[in-house]
Every structure is written in C-alpha cells, then in structure tokens.
Amino acid sequence: MSKQDLIDMLNYLIDQIVFASDCLLAYNSIYLCSQKYNYAMNQAPGFFIVVSHSLPQTLMMTLARLYDVNSNDITLARLVQKSAYYAETESDTESRPYISNLLEWFSHKKEELAQVIEKLRDRRRKMYAHNDKIFASIKQFGIDSSLYISPSDAGALISVASTLCNGLLSQLGEDVMVPFSQNSSDLANLLSKIPAE
C-alpha cells in the first residue's frame, strides 16, 4: 500500500469518525436541550421522536462499520494491518517506532473496550441487520439491556478511533483532523431562537 493509499483510507475513516461524533453530539444535545427548550421541542414532537430514535441506530451502525473485524473492508482492522505493513516496508526510521507504539496502544485500547465492541457487533447482527425473534417482543424501540451501549462508551470508541487515525496522519505528514464538525451546537442555537410561551 502506498503512502497516498494509506492517507486516502485514513481520510475516509476520519469522515466516518466525524459523522459518528456528530451523531453522538446531536443525540446528547437533544437530551440536554429537552429540559431547557421543552416548549420549543414540543412544537415538533414527531420530529424529535424520530430523530432521538434514529441517531443511536445511525451512530451504532457507523461504529460497527469502523470496528468490524473484516479486514477486506475499509475498517480500523484493515487500517492497522496496512499501517503495520507500511511501517515495516515504507516508513522512515523515525516514524517506525511511533507507528508501532500507536498500533500497540490501539490494540490495548481495543482489549479494554472488548465487551463494548462485542455488544456493538451483536447489536448490528441481531437488531439492525436481521430481525431476530428474541427482540420482536421488545416494545417501541427498546434495547435489550445486554446490548445497551452508553453514550460514554460510544464516546470512548470514537476517541480511540480518532486518536489512532490522527496519530497515523501526523506521521504521514498530513494535517490532523478535528474529530467533530464545527456545527455541534446547532440544535441549541436553533431552539434558543424559539420564544417560550
């Protein structure tokens, strides 16, 4: 894999990480705003119900794609594989130890988050990709507690992926990317403009 191919893969993955981060920020924003801007949110309750249920699903599917173990797809697993090869064959001697240490750090972080990643895979397989009958009895988008992934766990997955990708980008001489968009406070800004009764 050439340096440019690795940079292209990193940029693709960073876009996915930014999207996941934005989904998490929007999800958290809805719940933070629900108390302060309850009147404004009640002006479009259907919209907020759909969005508050869609955001976690979108976030989890994005994270599931990032942390998928299939190394033939564009995943963090493939990135690690290609980065290790690049470090051994094409990188300069100064960046080799940094890349090796970063990949080792990522491996340890994945072990720390192994239960969360396994829940993510199960959630994708059992709830999003298939209609497993065990979940058919759960009412109104409820999540089986064995598959629950907290916002803080999702944030940890995003943070680890971002650190890995940005660390690799910096060693390839590229600019580091911000792990979230500049529009993360859009909802609060919008809702604050709607006058209360």
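Above this note sits the structure.
Now for a look at the structure at hand. Nothing here was measured: the structure is a model prediction, and the numbers come from that model.

This next bit is on the overall build of the protein chain. Looking only at helices and strands, the protein chain has eight helices and zero strands in total. Each of the 197 residues in the protein chain was classed as buried or not, and the buried ones make up 35%. Across the protein chain, every contact between residues at least 6 apart in sequence was considered, and the portion connecting residues at least 24 apart equals 79%. If you sum the accessible surface of the protein chain, you get close to 11300 Å²; carbon and sulfur atoms cover 52% of it.

Now for helix H3 (residues 45-66). If you check H3, its first and last C-alpha atoms are 32 Å apart, about what 22 residues at 1.5 Å a residue would give, namely 32 Å. Taken as a whole, H3 has its buried residues at Phe 48, Ser 52, Leu 55, Pro 56, Leu 59, Met 60, Thr 62, Leu 63, Ala 64 and Leu 66. Buried residues along H3 sit in contact with helix H1 (3-36), helix H2 (38-41), helix H4 (76-89), helix H6 (114-128), helix H7 (151-171) and helix H8 (186-192).

We now examine the nonpolar core. Of all hydrophobic cores here, the largest spans 49 residues; its most connected members are Leu 59, Leu 63, Tyr 67, Leu 76 and Leu 79. Going through the elements one at a time, H1, H2, H3, H4, helix H5 (95-112), H6, H7 and H8 are the ones with two or more residues in this core. At 13 residues, the largest contribution of residues to this core is made by H1. If we ignore the near neighbours within four places in the chain, the residues touching Leu 59 are Ala 20, Cys 23, Leu 24, Ala 154 and Ile 158.

A separate point is the environment of Ser 162. By the element assignment, Ser 162 lies in helix H7. Of the residues examined, Ser 162 reaches a relative accessible area of 7% and is grouped as buried. Taking C-alpha positions, Ser 162 is 8.5 Å from Met 177, a pair spaced 15 residues apart along the chain.

Bringing the packing of aromatic side chains into the picture now. In the structure shown here, the tally under the stated rule is two aromatic pairs. Between the aromatic rings of Phe 47 and Phe 48, the centroid separation amounts to 5.1 Å while the plane-to-plane angle is 85°, which identifies the pairing as edge-to-face.

Before going further, it helps to examine the packing of H1 against H7. Taken N-terminus to C-terminus, the directions of H1 and H7 make an angle of 155°; their axes are 10 Å apart at the nearest point. Taken together, the axis directions place H1 and H7 in an arrangement best described as roughly antiparallel. Judged by the sense of rotation from one axis to the other, the crossing of H1 with H7 is left-handed. Contacts between H1 and H7 pair Leu 10, Asn 11, Leu 13, Ile 14, Ile 17, Ala 20, Ser 21, Leu 24, Tyr 27 and Asn 28 from the former with Pro 151, Ala 154, Gly 155, Ile 158, Ala 161, Ser 162, Cys 165, Asn 166, Leu 168 and Leu 169 from the latter. Class assignment of the residues belonging to the contact of H1 with H7 gives a composition of 14 nonpolar, six polar and no charged.

Here we take up the environment of Thr 62. In this structure, Thr 62 sits in helix H3. When its relative accessible area of 0% is taken as the criterion, Thr 62 is described as buried. Distance in space between the C-alpha atoms of Thr 62 and Gln 16 is 6.8 Å, their sequence separation being 46 residues. What Thr 62 contacts, discounting residues up to four positions off in sequence, is Gln 16, Phe 19 and Ala 20.

On to the pattern of salt bridges. Overall, the coordinates contain four salt bridges when judged by the stated rule. A salt bridge links Asp 68 to Arg 124; its shortest N-O distance comes to 3.5 Å. With Asp 68 in the loop between H3 and H4 and Arg 124 in helix H6, this residue pair connects regions lying 56 residues apart in the sequence. Take Asp 68: its relative accessible area is 18%, and that puts it in the buried class. Ionic pairing is found between Glu 112 and Lys 109, a salt bridge with its closest N-O pair at 3.4 Å. Remark: Lys 109 and Glu 112 occur in helix H5; sequence separation between them is three residues, near one turn of the helix. The class of Glu 112 is exposed, set by a relative accessible area of 58%. Taking relative accessible area as the criterion, Lys 109 reaches 26% and is therefore assigned partly exposed.

Cut-offs used in this document
Per chain, the residues get numbers from 1 upward, laid out in the order the sequence is written. In keeping with the predicted nature of the model, local features appear solely for residues at pLDDT of at least 70, side-chain atom pairs appear and are counted solely at 80 or more, and the whole-chain, interface and lining totals rest on all residues. For the side-chain quantities, the full set of heavy atoms in the structure was used; hydrogens and water were omitted. Numbering of helices and strands runs from the N terminus; a helix is a DSSP stretch of H or I covering at least four residues, while a strand is a stretch of E covering at least two. Buried residues are those whose accessible area, probed at 1.4 Å on protein chains only, stays under 20% of the maximum for their type, while exposed residues exceed 50% and partly exposed ones sit between those limits. Here a residue-residue contact requires only that any non-hydrogen atoms of the pair lie within 4.5 Å. Computed by Shrake-Rupley with a 1.4 Å probe, the accessible areas treat only the displayed protein chains as cover when residues are assessed. To estimate the expected span of a helix, subtract one from its residue number and multiply by 1.5 Å. Here, nonpolar core means buried Ala, Val, Leu, Ile, Met, Phe, Trp, Tyr and Cys residues that are tied together by side-chain atoms lying within 4.5 Å of each other. Only centres within 6.5 Å qualify two rings of Phe, Tyr or Trp (six-membered ring in Trp) as a pair; their planes then separate them into stacked at under 30 degrees, edge-to-face at over 60, and tilted for everything else. All axes here are fitted lines through C-alpha atoms, helices being fitted over the stretch that makes contact, and every angle between N-to-C directions spans 0 to 180 degrees. Just so you know how the angles are binned, under 35 degrees is roughly parallel, over 145 roughly antiparallel, 65 to 115 roughly perpendicular, and the rest oblique. With the far helix as reference, a near helix turned anticlockwise by less than a right angle produces a left-handed crossing, and one turned clockwise produces a right-handed crossing. Throughout this entry, Asp, Glu, Lys and Arg are counted as charged residues, while Ala, Val, Leu, Ile, Met, Phe, Trp, Tyr, Cys and Pro are counted as nonpolar. The remaining residues, Gly among them, count as polar. What makes a salt bridge here is a side-chain nitrogen of Lys or Arg within 4 Å of a carboxyl oxygen of Asp or Glu, nothing more.

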